[in-house]
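Each chain is listed here by its residues.
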Amino acid sequence: LAQSNTVEAFGPTLDEVVVTARKREESLQDVPLPVTALSAADIANRQVTSLDDVAKFTPGLVFSKSFGRTTERPVVRGLASVLAGTNASVETGAAYFIDGVYYQGAIQSLDMNDVERVEVIRGPQSALYGRNTYSGAINFVTREPGQDVKGKVIAEVSSWSSYDVSGSFEGGLTDSITGRVTVRDFKR
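Starting from 1, residues in each chain are numbered consecutively following that chain's sequence as written. Per-residue local features of the predicted model are confined to residues with pLDDT of at least 70, and side-chain atom pairs are confined, for both listing and counting, to 80 or more; whole-chain, interface and lining totals are unaffected and use all residues. For side-chain calculations, the full set of non-hydrogen atoms in the structure is used, while hydrogens and water are omitted.

**A word on the sheet that holds strand β11 (residues 162-172)**
Whether two strands pair comes down to DSSP finding at least two bridges between them. What counts as a helix is a DSSP run of H or I of at least four residues, what counts as a strand is a run of E of at least two, and both are numbered from the N terminus. Here 3 strands make up an open sheet; going across it, the order is β10-β11-β12 and the pairing antiparallel. At either end of the open sheet lies a strand with only one pairing partner, and these are β10 (150-159) and β12 (178-187). Strand-to-strand twist across the sheet, computed as the mean angle between neighbouring axes with direction ignored, equals 5°. Here β10 pairs with β11 via 9 bridges, running antiparallel. Bridging across to β11, valine 157 finds its partner in tyrosine 163. As a rule, the C-alpha atoms of each element are fitted with a line to give its axis, helices using only the stretch in contact, and angles between N-to-C directions run from 0 to 180 degrees.

Structure follows, in structure tokens:
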């Protein structure tokens, strides 16, 4: 068994993880950045429903509304502006991106059922992503709709005053055009 050249002899292997942390598709093993990537399977298996849950599985990322802030504040590696969330003109040190486009403001309403992958890039990213990324960037990559017509409804009720209901419908409109519609209503 020791002389065997097959990988199967040594147990299961990991699938290659492709990320777009440097704005091009690369293997996670080849990216010279500290990146935590959660795939769609990871999101489903770990029951990730918000950025709070992403922070639980990402080393160096803390997410909270502490100290009287009105909005969430991601803190990567302990670097963040003290005034972020208390002053409208001050932003945090980590920025959100959805499919590579900067997203300003609260992201808690993002439906994680439509996310294909979450990439948390730790460390200064200002040269590649621009301002407001001196501690890191959080990139959400959404799922591309397929040609097959399908739909999904997810409902979660915690109590009489707390619920989360979402539904999505996707499919091909023509041979070359596909689309997806997602609706979500929640109260916490």
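Read on, since the account is not over.
**Describing the packing of aromatic side chains**
Working definition: rings of Phe, Tyr and Trp (its six-membered ring) pair if their centres are within 6.5 Å, and the pair is stacked with planes under 30 degrees apart, edge-to-face with planes over 60 apart, and tilted otherwise. Summed over all chains, the structure comprises 1 aromatic pair. Geometrically, a charge over a ring is one whose NZ (Lys) or CZ (Arg) sits within 6 Å of the ring centre while staying within 35 degrees of the ring normal. The ring of phenylalanine 57 has arginine 46 sitting right over it, with the charged end atom 4.8 Å from the ring centre.

**Focus: the sheet that holds strand β3 (residues 35-39)**
In spatial order, the strands read β3-β8-β9-β6-β7; together these 5 strands make up an open sheet with mixed pairing. Looking at the sheet topology across the chains shown, the edges are occupied by β3 and β7 (101-103). Along the sheet, successive strands turn relative to each other by an average axial angle of 25°, direction set aside. By the bridge criterion, 5 bridges tie β3 to strand β8 (residues 115-122) in an arrangement that is antiparallel. Following the sheet pairing, threonine 36 is matched in β8 by valine 120.

**Remarks on the pattern of salt bridges**
Here, a salt bridge means any side-chain nitrogen of Lys or Arg that lies within 4 Å of a carboxyl oxygen of Asp or Glu. In total, this model carries 6 salt bridges according to the counting rule given. Glutamate 26 is the salt-bridge partner of arginine 24, the closest N and O atoms lying 3.5 Å from each other. You can call arginine 24 partly exposed: its relative accessible area is 47%. Categorising residues by exposure relies on relative accessible area from a 1.4 Å probe, with only protein chains included: less than 20% of the type maximum marks a residue as buried, more than 50% marks it as exposed, and the intermediate range marks it as partly exposed. Residue glutamate 26 is classed as buried on the basis of its relative accessible area of 12%. Aspartate 164 is the partner of arginine 184 in a salt bridge, and the nearest nitrogen-oxygen pair spans 2.9 Å. Of this pair, arginine 184 sits in strand β12 while aspartate 164 sits in strand β11, placing them 20 residues apart in sequence. Exposure remark for aspartate 164: the relative accessible area of 12% places this residue in the buried category.

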